Amino acid sequence: MKGRIGNILRSFLLIASITYTSFDSIAQFYVGGKLCVGSSAPITPPIGTTPTATTDCSGPTIFFDENKATTAWAWDFGDPTTVNDVAFIRNPKYIYSQPGQYTVTLTRIIAGVVQAPETKLITIGSPPDKPLFFGKPKADTTICDGKTLKLDPYRLKPSPPGATFLWFPSGQTTQTIDVTKTGCYSVEVFDPTGGCSFIAQINVKFCMQDANSGGTEKWYFGDGATLDFQAITTPPPPRDPLDPTGELFKKPDESNPIFVPKPATQSNPIRSPEGAAMVYDPSGSLLFYTDGIDVFDKDDAPLVAIPPLTDSKLGGTNTATQSSLIIPKGSCNECPHHLYYVYTINEVTGLLSYSVIDVRRNGGKGAVVEKNVPVNFQTTQRLAAIKNPSETAFFVYAHDAGTNTFRILKVDSTGTKEFTQDLGLVHSDATSQEGYMRFSPTGTKMAIAVTLNGKNYVEVYEVDKETGLLGTPLTIDIEVAAPPTIYGLEFSDDEEKLYVTLRGDPTKGETSYLYQLNLNLKKPDEIAKQKKEIDKSKTFAFGALQSGPVNGPGVKFIYMAINGSQFIPYIQNTNEIGGAALVGYQPISSGFGADLLGNSGLGFPNIIQAKQKQDGAGLSAKYTGNCQNQPTSFETEGVCSPMKGEAVWDFGDGETGTGLKTSHTYTKTGTYKVTLTLSVYAETEASKIASQAQILDKLLGNTLKEKCKDFVLTDEIYIKPTPEVNLPDEAFVCILENQKILLDPKPQQTYNPSYLWNYNSQTTPTILADATGNVTVKVTNVFANSSTCATSDKIEIKEGCEPRLFVPEIFTANKDGINDILQLPYAHITDFDLRIYNRWGEIIFESNDPEEIWDGSHNGKVIAPMMYAFVVSYKSRDFPEREKITRRGGIFLVN
């Protein structure tokens, strides 16, 4: 024992007898993980805690005491460079700062007695020189389709002597590979010992290369049973031509599919009464699957084992409820994903362990590279997992037997962190652990089935997906005595209903039940009292429930396993509240059900898909605005970024435009064919040099680049009519006379028009105005989808009275007091001039005053009755800029 930790161990030894006993040589401690130093200083956590990884992506060396009887530990990692190379937990991790051989010492306390120290000599290696693509550990590149790209992680520097290589996804072992397909590629470079490595990743995109589609999710379970799914889709609706914005050149998204079961066409080698697990890659293709004992590749062949392993059989079981689970083992700079954890429950001990599958091995089919690594010494029966919101980590949940302890593992690229929570009922016997643990579709709720003291319970927890922590449970007594025992659980799509099965043994005359619980009722007793019976049977043993397919969006059914049956029933309307008819369920006794080809067991497989691949945007464009006589903008993000693109637009009306973003105004309504010609250019060595000189790069444009391809796309756009309005520029109102003026925009090209005047916010087609100021009207065409095209016009209302003058046609000069004089009513005039002529053209009366009257006399005598000509002229008082008004006519004089 090293003197520098003597003080630390003193407190450890005080809790035990100072008597050494011989250590059982069968019990060992496990050493795994990266037997490798970090290229930066090691993380040195406080004593008793565990580091995870260095900032340069180096992983820790992990240790695990496999002696179940141990109650206390003192680890000395043998590192002379620090005094903090100690730990006091069963499963510590440590990062060494220097290569070399280290003697690791473990001192145990068992039954209060300090055991003789156990030592193990380990060799810590040095990582190779870091592989890089374009000078980076993670890079992206885009090249022309049809080209071949050679990937070399040491293109700019010598490769490390004696290094070995392993590529993802196909498992090549050469320093370089040639690629012709879009995808993520990574290479792991190992030092000569094989214990240390670094990974570099590059995402390669071949411009507009058709993407490879993944497979369709299937479930393998029971006795060779296969549940296959078929997506029922309806043709997507065409783009609404009236929409003011939309995408061009893009295939409309398909409607949300409805997944229905279809008869299986092939069996599989799974032979599992209960547990199984499957994993799908980001594209949706099956990678491998397991029943907890055997592991099979996507072609149903058993996986091989990589030495020093001698076989690929796992030490798990297929008779526990959820006995196996597969999740990605994140690695720094990897493509998602090349390593996977397979968690299993040990067949003999019931302890949780994991194995590691490397899908790069065996030509990309995968191989077992580690197996049966203990996680903890608590027995469990069920496993479940969820992703965190960013899909960068998984939380794995297990429930310790005989306790109310949840054991939660957070697994991400930095490693595995474990924490526990004591919540809910104590699972005090084997029967209490037989039911399922199930997460809701969004992972925000978790339910666990418990049979305890002759009663059937379900506990429902809220889940914090960021931290993995569980909230206080809602504990529901189903109010059905056990047996039968609660077994299967599944949430409805809206997570407001929970479906449960109670498994009865038909050989003992026990009845199985399928119930629906309405969680919206909140109170446990009300939920139990108002449960809906969906099905029951004394012939069949009801098993697990699972919504499927697990991955991807769509309308999904909930399936129920029935032990020994080739057909299984399903619930179609999972969100409905009610019995079998309302939820769309039919028992298999009526000839209904999904054909499995094999026979169902009691369980369904745990299904996990790595983070789904998000395909980049395809070649498309968007338009904004589709109203006549108003700008319509067109924009394309180009394609194959960061390649340069040149765009030429044909707007379909004889006009063209250029640029990735442009605008055009259509002067006529109608449907137009829009054509985009997009030329894509890839960088060359010469263009890269020119780009360093910004002025030169601007002058040369794409001259020095390699033309990759021309893309020509066509689509249609409908230009909606815009109203035309015709208000005059100005009008006048005579305020002195309380006059009102009619304003009429006289619109044309209207469609269900609406009007809005700024004059008292009136909404009528015409208005009367009686005040001065600017008056604006907005006329809007309102189309069937509520989109609009609008135009506005304005008129200036000014104060001004039009001149008026009335000239009578007849008057009498007989002095009878009735109409004896000629008088001209007038208003708003100036510069008045009146002249009256006799038949010889002589002026017999004239005046410059509109108030002056004529009594029909000339030179003091009443003239003869007859028609007399007149000429009167005047100007407008309020509009002096107007020409003088002259009127001519005749006045009849009667005596």
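Residues numbered from 1 in each chain as written. Predicted model: local features only at pLDDT ≥ 70, side-chain atom pairs only at ≥ 80, totals over all residues. Heavy atoms only, no water.

Here's the deal with the overall build of the chain
Helices and strands together make up the secondary structure of the chain, namely 6 helices and 67 strands. Counting over 895 residues, the chain shows a buried share of 49%. For the chain, restricting intrachain contacts to residue pairs at least 6 apart in sequence, the fraction spanning at least 24 positions comes to 62%. Split by element, the accessible area of the chain, about 40900 Å² in all, is 51% carbon and sulfur. (Helix = DSSP H or I, 4+ residues; strand = E, 2+ residues; numbered from the N terminus. Buried < 20%, exposed > 50% of the residue type's maximum accessible area, 1.4 Å probe, protein only. Contact = heavy atoms within 4.5 Å. Areas by Shrake-Rupley, 256 points an atom, 1.4 Å probe, with all protein chains shown as cover.)

Thoughts on the pattern of salt bridges
Applying the stated rule across the entire model yields 29 salt bridges. For Lys707, the salt bridge goes to Asp710, with nearest N and O atoms at 2.9 Å. By relative accessible area, Lys707 is classed as partly exposed at 44%. A relative accessible area of 38% places Asp710 in the partly exposed class. (Salt bridge = Lys/Arg side-chain N within 4 Å of Asp/Glu carboxyl O.)

As for the sheet that holds strand S10 (residues 138-143)
Overall, mixed pairing links the 4 strands, which are arranged S10-S15-S14-S12 in an open sheet. At either margin of the open sheet sits one strand with a lone partner, and together these are S10 and strand S12 (164-168). Between one strand axis and the next, the sheet turns through 20 degrees on average, direction left out of account. As defined by bridge partners, S10 adjoins strand S15 (residues 197-206) across 6 bridges and the pair is classed as parallel. Looking at the pairing, Ala139 lines up with Ile202 of S15. (Pairing = 2+ DSSP bridges. Axes fitted to C-alpha atoms, helices over the stretch in contact; angles between N-to-C directions.)

Section: the state of the cysteines
For the structure shown, the criterion picks out 6 disulfides. Disulfide pairing is shown between Cys36 and Cys196; the S-S distance is 2.4 Å. Sign of the S-S torsion, about 125 degrees for the bond between Cys36 and Cys196, identifies this disulfide as right-handed. Here Cys196 lies in the loop between strand S14 (183-190) and S15 and Cys36 lies in the loop between strand S2 (29-33) and strand S3 (61-65), a separation of 160 residues in the sequence. Across this residue pair, the class does not change: Cys36 and Cys196 are buried. With its sulfur 1.9 Å from that of its partner, Cys734 forms a disulfide with Cys801. Every disulfide takes its handedness from the sign of the S-S torsion; for Cys734 and Cys801 that torsion is 80 degrees, giving right-handed. In this pair, Cys734 sits in the loop between strand S53 (730-733) and strand S54 (741-743) while Cys801 sits in the loop between strand S58 (788-799) and strand S59 (804-805), placing the two residues 67 residues apart along the sequence. Neither residue differs from the other here; Cys734 and Cys801 are each classed as buried. (Disulfide = S-S within 2.5 Å.)

Some remarks on empty space enclosed by the protein
In total, this model carries 3 cavities of 30 Å³ or more according to the counting rule given. Within this model, the second largest cavity holds a volume of roughly 60 Å³. Leu822, Leu824, Phe832, Leu834, Phe845, Ser847, Asp849, Pro850, Glu852, Ile853 and Trp854 together form the lining of the second largest cavity. Elements that contribute at least two residues to the lining of the second largest cavity include exactly strand S62 (829-837) and strand S63 (843-847). Taken together, the residues of the lining of the second largest cavity break down into 8 nonpolar, 1 polar and 2 charged. (1 Å grid on protein atoms, 1.4 Å probe; cavity = no way out; pocket = protein on both sides within 12 Å on 5 of 7 lines; lining within 4 Å. Points joined across faces, edges and corners; volume = space filled by probe spheres on them. Nonpolar A, V, L, I, M, F, W, Y, C, P; charged D, E, K, R; others polar.)

With respect to the environment of Thr788
For Thr788, the position within the fold is in strand S58. It is 8.1 Å that separates the C-alpha atoms of Thr788 and Pro244, two residues lying 544 residues apart in sequence. Once residues within four sequence positions are removed from consideration, Thr788 is found in contact with Cys627, Lys720, Thr780, Asn781, Val782 and Phe783.

Describing the pairing of S3
Most of S3 sits inside the fold, with 5 of its 5 residues counted as buried. Side-chain alternation along S3 places Thr61, Phe63 and Asp65 on one buried face and Ile62 and Phe64 on a second face that is also buried. Pairing between S2 and S3: 5 bridges, direction antiparallel. Across the sheet, Val31 pairs through a bridge with Phe63, a residue of S3. Pairing analysis gives 2 bridges linking S3 to strand S6 (residues 93-94), with the strands arranged antiparallel. What sits directly across from Ile62, in S6, is Lys93.

Topic: the environment of Gly315
By the secondary structure assignment, Gly315 is in the loop between strand S23 (304-305) and strand S24 (324-328). Classification of Gly315 as partly exposed rests on a relative accessible area of 22%. Each C-alpha atom of the pair Gly315 and Ser355 lies 9.3 Å from the other, and the pair is 40 residues apart in sequence.

Brief notes about the nonpolar core
One broad rule of soluble globular proteins: the nonpolar side chains tend to lie buried together. Trp219, Phe221, Leu227, Tyr559, Ile568 and Phe604 are the most contacted members of the largest nonpolar core, which has 29 residues in total. Elements with a contribution of two residues or more to this core: strand S16 (218-221), strand S17 (225-232), strand S19 (258-262), strand S20 (277-280), strand S21 (286-290) and strand S41 (557-562). In contact with Leu227, other than residues within four places in its own chain, are Lys218, Trp219, Phe221, Pro261, Tyr559, Ile568, Ala594 and Leu596. Membership of the second largest hydrophobic core comes to 25 residues, among which are Leu248, Val674, Ala682 and Ile719. (Core = buried A, V, L, I, M, F, W, Y, C linked by side-chain atoms within 4.5 Å.)

Topic: a nonpolar patch on the surface
A grouping of Ile232, Ile258 and Val555 is seen on the molecular surface, where their side chains present a nonpolar patch of about 210 Å² in accessible area. Tracing the chain through its elements places Ile232 in strand S17. What makes Ile232 partly exposed here is its relative accessible area of 39%. (Patch = residues over 30% accessible without salt bridge, like charges linked within 9 Å, V, L, I, M, F, W, Y side chains within 5 Å.)

Examining the confidence of the model for the chain
Detailed conclusions should not be drawn from predicted coordinates in areas where pLDDT is low. Mean pLDDT over the chain works out to 87, with 90% of the residues at or above the 70 mark. In the model of the chain, strand S1 (residues 17-21) stands out as the element of lowest mean pLDDT, 36, in contrast to strand S38 (residues 512-518), which has the highest, 98. The model gives residues 39-55 a pLDDT under 50, and that stretch makes 45 contacts with residues more than four places away or in other chains. (pLDDT = per-residue confidence, 0-100.)

Section: the environment of Gln209
The residue Gln209 is located in the loop between S15 and S16 in this model. In this structure Gln209 comes out as buried when scored by relative accessible area, which is 18%. C-alpha separation for the pair Gln209 and Cys144, spaced 65 residues apart in sequence, amounts to 8.8 Å. A polar contact is formed between the side chain of Gln209 and the side chain of Asp145, at a distance of 3.0 Å. Side-chain polar atoms of Gln209 contact the backbone nitrogen of Thr182, separated by 2.7 Å. (Polar contact = N/O pair within 3.5 Å; in protein donor to acceptor, adjacent residues only side chain to side chain.)

Overview of unusual backbone geometry
Here the amide bond leading from Pro307 into Pro308 is cis, since omega sits at 15 degrees, within 30 degrees of zero. Secondary-structure assignment places Pro308 in the loop between S23 and S24. Following Pro483, the chain continues into Pro484 via a peptide bond in cis, with omega recorded as 5 degrees. Considering the arrangement of structural elements, one finds Pro484 in the loop between strand S35 (474-477) and strand S36 (485-491). Although it is not a glycine, Glu495 adopts a positive phi angle of roughly 65 degrees. With a relative accessible area of 9%, Glu495 lands in the buried category.

Things to note about the sheet that holds strand S45 (residues 606-609)
Taking strand neighbours across the sheet as the criterion, the 4 strands line up as S22-S21-S20-S45 in an open arrangement whose pairing is mixed. Taken across any chain shown, the strands that pair with only one partner, and hence form the sheet edges, are strand S22 (295-297) and S45. The average undirected angle you get between the axes of adjacent strands in this sheet is 15 degrees.

Describing the side chain of Ser873
Residue position: Ser873 is located in strand S66 (residues 866-876). According to the relative accessible area criterion, Ser873 is buried, its value standing at 9%.

Here we look at the packing of aromatic side chains
Using the criterion set out here, one finds 35 aromatic pairs in the structure. Geometrically, the ring pair formed by Trp219 and Phe604 is tilted, given 5.2 Å between the ring centres and 55 degrees between the ring planes. Here Trp219, found in strand S16, pairs with Phe604, found in the loop between strand S44 (594-595) and S45; they are 385 residues apart in sequence, far enough to count as distant. According to the relative accessible area criterion, Trp219 is buried, its value standing at 0%. On the accessibility criterion, Phe604 (2% relative accessible area) is buried. Measuring from ring centre to ring centre gives 4.8 Å for Tyr570 and Phe592, while their planes differ by 45 degrees; the resulting arrangement is tilted. Separated by 22 residues along the polypeptide, Tyr570 in strand S43 (residues 570-571) and Phe592 in the loop between helix H4 (580-583) and S44 bring together distant segments of the chain. Under the relative-accessibility criterion, Tyr570 is labelled buried at 10%. Pairwise contacts between aromatic rings join Trp219, Phe221, Phe229, Phe557, Tyr559, Tyr570, Phe592 and Phe604 into one cluster. Over the face of the ring belonging to Phe198 we find Lys130, whose NZ or CZ atom lies 5.4 Å from the ring centre. We note Lys531 situated over the ring of Tyr515; from NZ or CZ to the ring centre the distance is 5.5 Å. (Phe/Tyr/Trp six-rings, centres within 6.5 Å; stacked < 30°, edge-to-face > 60°. Lys NZ or Arg CZ within 6 Å of the ring centre and 35° of its normal.)

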